[in-house]
Structures are given as C-alpha cells and as structure tokens.
Amino acid sequence: MTKKQEHIVIIGTGKVAYQLGLQLKKNGHHIKYIWGRDSNKAKHLSNLLDSKVLPSLKETPSDHLSLVCVSDFAIEEVISQLPLNTKIAYTSGSIKIEDLPFRKYLGVFYPLQTFSQNKNIDISVVPFLIEANEIEFQNELKKLAETLSSKVIIANSQDRYNTHIGAVMVNNFTNFLYHLAQQHLNEHNLDFDLLKPLIKETAEKLNTLTPIAAQTGPAARGDKNIIEQHINSITNTETKKLYQLFSALIEKEINKS
C-alpha cells in the first residue's frame, strides 16, 4: 500500500481546492492546513477537511507539501510568499514550470477534469499530469496522485500546455455551444432537455470512434440546402457565423478523410 501523505497544505478555496481536498481526505490523507484570501471560505473548507486555517502564507511549514490550487494569474504571487525550501505543486494546466521563479522543489499536480463545488466526481478515472524540477519530488507527486487515480502521467510543461488547449476546446467551447443551442431553443419555447440524450450519446461514441468518424449532420452529408436554411433561421448574428464556420470546417475535414 502506498504511504499516505500526512503533511499537506491546500492553498486556495475554489472548486479545485474543494474537490481535491475532499478526495485526498477520502483516500486517507491528512490535510493539515488551509489557506485562502477569503477567511470565511478557508474556515468552511478547513471544517470539512478536519484541518486548521493557516493565518498567512509565510507561516506555511516548510516540511509540508503545499498544493497551490489558485487561478493561473495568482500562482507566481502565492509561490513567492512561501518559505524557500517548501515543496510546492500547483494544479494549473497552462503555467509552465520554467516560466516561474526558481524554487528548489517545484512541481505540477494537474487533474485533467472540470470541477464543480457541489458535484462529486469519480477521481479514480481522472488523468493526473505530473511534473517537477527534481526527480525525487516528481516521484513523490506521482505516488500521491496514484492514491487517487488509475491514470497518472509524467508530462513536461509543453505537453501539459498543449493538452490544456485541447481540454479548453472539448470542455469550455462545447459547453458554450450548449448555451447557444439553449438560447436558440428558448426563442422558440422549446426545452433544452430534449438535447441531453443526444449530448450523452455523442460523447459516448468517442469510446469506440475517432471524433471525425463519429461526425454526422448536414455538413458531414454535404447538404448545403439544409445548412443555408438553418443559418437563415438563426437570429443571433454571431451564432450564424459560428454555424457557418463549423459547417465549412466539417465539410472540409470530411472531404479530406
């Protein structure tokens, strides 16, 4: 059995800090301290995790692992306030280690998943991308991730960065398309729930097919009459442009294959 980590500080009180903290606790780890800019949120999370609130970053015990779960723009500022020999791992997909000020122990503990405050997930299937500037520390982070997930990958900063770009496309962009579809249906007094089985089936196809092999619809069939009718029926100007652009890209890719 992998040794449990007994000295963890979670820095941050957002969705990632909340869910990662709960999953670490659930899997037998002890979160010693929580730090957050919002003291009320820090107190709430510390109560959930049976831990204590850290008064300031400068008081972080240097012999603890600090998991920095803050927004990308705040990572450098937070790290700069931690004691020099602290073992630090941040949870960002895009920030490269080499772009941060040098620290003796600096690593990445990136769970490749979208998190919500009040929705638990199966952490065992979430990929963790691990990196560190020191091999022993990297192995330590890898072992910690393996207590949570069955899919732990050592990935350098460039690979993690490119993976995050893909993650933005399949998560943030597709979710916004759901929003645009909901707006269109609302204009016609139709229920967005009608599309949910389709959304689910589309995602599940990717377990057996490549995205382009799973592609269907008027653009994949080259049905220009239907495409034109759809575009003319959409009232939002920007959505019209997106529909037209996506249709053109799909048709081009289908023709290539």
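For the structure, check the block above.
Note that the coordinates shown come from a computational prediction; the quantities given were computed from them, not determined experimentally. (Residues numbered from 1 in each chain as written. Predicted model: local features only at pLDDT ≥ 70, side-chain atom pairs only at ≥ 80, totals over all residues. Heavy atoms only, no water.)

1. Some thoughts on unusual backbone geometry
Phase 1: Within the chain, Asp 50 stands out as a residue other than glycine whose phi angle is a positive 55 degrees.
Phase 2: Topologically, Asp 50 is positioned in the loop between helix H2 (39–48) and strand S3 (52–53).
Phase 3: Phi at Asn 189 is positive, roughly 55 degrees, even though this residue is not glycine.
Phase 4: Locating Asn 189 in the fold gives a position in the loop between helix H5 (157–187) and helix H6 (196–205). (Helix = DSSP H or I, 4+ residues; strand = E, 2+ residues; numbered from the N terminus.)

2. A short note on the pattern of salt bridges
Phase 1: This model, assessed by the stated rule, comprises 9 salt bridges.
Phase 2: Taking the shortest distance from any N to any O, the salt bridge between Glu 77 and Arg 37 comes out at 3.2 Å. Of this pair, Glu 77 sits in helix H3 (residues 75–80) while Arg 37 is found in the loop between strand S2 (31–35) and H2, placing the two residues 40 residues apart along the sequence.
Phase 3: For the salt bridge of Glu 238 with Lys 241, the shortest nitrogen-to-oxygen distance reads 3.7 Å. Linking Glu 238 with Lys 241, this pair stays in helix H9 (residues 237–256), spanning 3 residues, or about one helical turn.
Phase 4: On the basis of relative accessible area, Lys 241 is assigned to the partly exposed category, the value being 48%. (Salt bridge = Lys/Arg side-chain N within 4 Å of Asp/Glu carboxyl O. Buried < 20%, exposed > 50% of the residue type's maximum accessible area, 1.4 Å probe, protein only.)

3. Observations regarding the sheet that holds strand S4 (residues 65–68)
Either a parallel or an antiparallel arrangement is found when strands of a sheet pair, and the pairing is made through backbone hydrogen bonds.
Phase 1: Strand order in the open sheet formed by 8 strands is S3-S2-S1-S4-S5-S6-S7-S8, with mixed pairing between adjacent strands. Each edge of the sheet is formed by a strand with only one pairing partner; in this case those strands are S3 and strand S8 (152–154).
Phase 2: Taken together, the 3 bridges between strand S7 (residues 128–132) and S8 define a ladder with parallel strand orientation. From the neighbouring strand, Phe 128 faces S8, where its bridge partner is Val 152. (Pairing = 2+ DSSP bridges.)

4. So, the environment of Phe 102
Phase 1: Relative to the elements of secondary structure, Phe 102 occurs in the loop between strand S5 (87–90) and strand S6 (106–111).
Phase 2: Phe 102 sits in the exposed class, given a relative accessible area of 73%.
Phase 3: Sequence spacing of Phe 102 and Lys 151 is 49 residues, and the spatial spacing of their C-alpha atoms is 28 Å.

5. Quick word on the nonpolar core
Phase 1: Grouped together as the largest cluster of nonpolar side chains are 30 residues, with contacts concentrated most on Ile 10, Leu 20, Leu 24, Leu 67, Phe 109, Phe 128 and Leu 141.
Phase 2: Mapped by element, the contributors of at least two residues to this core are strand S1 (8–11), helix H1 (15–26), S2, H2, S4, S7 and helix H4 (135–146).
Phase 3: Dropping the residues within four chain positions of it, Leu 141 is found in contact with Leu 65, Ala 89, Gly 107, Val 108, Phe 109, Ile 130, Glu 131 and Ala 132.
Phase 4: Core analysis: the next-biggest nonpolar cluster, separate from the first, contains 20 residues, Val 68, Tyr 90, Ala 155 and Ala 167 among them. (Core = buried A, V, L, I, M, F, W, Y, C linked by side-chain atoms within 4.5 Å. Contact = heavy atoms within 4.5 Å.)

6. Points about H9
Phase 1: The first and last C-alpha atoms of H9 sit 29 Å apart over 20 residues, in line with the 28 Å expected at 1.5 Å per residue.
Phase 2: Among all positions of H9, only Thr 239, Ser 247 and Ile 250 are buried. Projected down its long axis, H9 carries its buried residues within an arc of 75 degrees, all on one side. Along H9, exposed side chains directed more than 90 degrees from the buried face belong to Glu 238, Lys 252, Asn 255 and Lys 256.
Phase 3: Against H5, helix H7 (218–221) and helix H8 (224–233) lie the buried residues of H9.
Phase 4: Here H9 starts with a cap whose side-chain oxygen sits 2.9 Å from the backbone nitrogen of Glu 238, and that cap is Asn 236. (Expected span 1.5 Å × (residues − 1). Arc of directions from axis to C-beta. Polar contact = N/O pair within 3.5 Å; in protein donor to acceptor, adjacent residues only side chain to side chain.)

7. Details of the packing of H8 against H9
Phase 1: The N-to-C vectors of H8 and H9 enclose an angle of 160 degrees; their axes lie 9 Å apart at closest approach. The angle between the axes of H8 and H9 places the two elements in the roughly antiparallel class. In this structure, the crossing between H8 and H9 has a hand that is right-handed. Note on element contacts: H9 touches H8 through Lys 240, Tyr 243, Gln 244, Ser 247 and Glu 251, opposite Lys 224, Ile 227, His 230, Ile 231 and Asn 232.
Phase 2: Residue classes in the contact of H8 with H9 are distributed as 3 nonpolar, 4 polar and 3 charged. (Axes fitted to C-alpha atoms, helices over the stretch in contact; angles between N-to-C directions. Parallel < 35°, antiparallel > 145°, perpendicular 65-115°, else oblique. Left-handed = near helix turned anticlockwise from the far one by under 90°. Nonpolar A, V, L, I, M, F, W, Y, C, P; charged D, E, K, R; others polar.)

8. A word on the packing of aromatic side chains
Phase 1: Counted according to the given criterion, the structure contains 2 aromatic pairs.
Phase 2: With a centroid separation of 6.0 Å and an interplanar angle of 75 degrees, the aromatic rings of Tyr 105 and Phe 137 are classed as edge-to-face. With a gap of 32 residues between them, Tyr 105 in the loop between S5 and S6 and Phe 137 in helix H4 connect regions that are remote in the sequence. Note on accessibility: Tyr 105 and Phe 137 belong to one class, buried.
Phase 3: We note Lys 87 situated over the ring of Tyr 105; from NZ or CZ to the ring centre the distance is 5.5 Å.
Phase 4: In this structure, Lys 96 packs its charged tip against the face of Tyr 161, placed 4.8 Å from the ring centre. (Phe/Tyr/Trp six-rings, centres within 6.5 Å; stacked < 30°, edge-to-face > 60°. Lys NZ or Arg CZ within 6 Å of the ring centre and 35° of its normal.)

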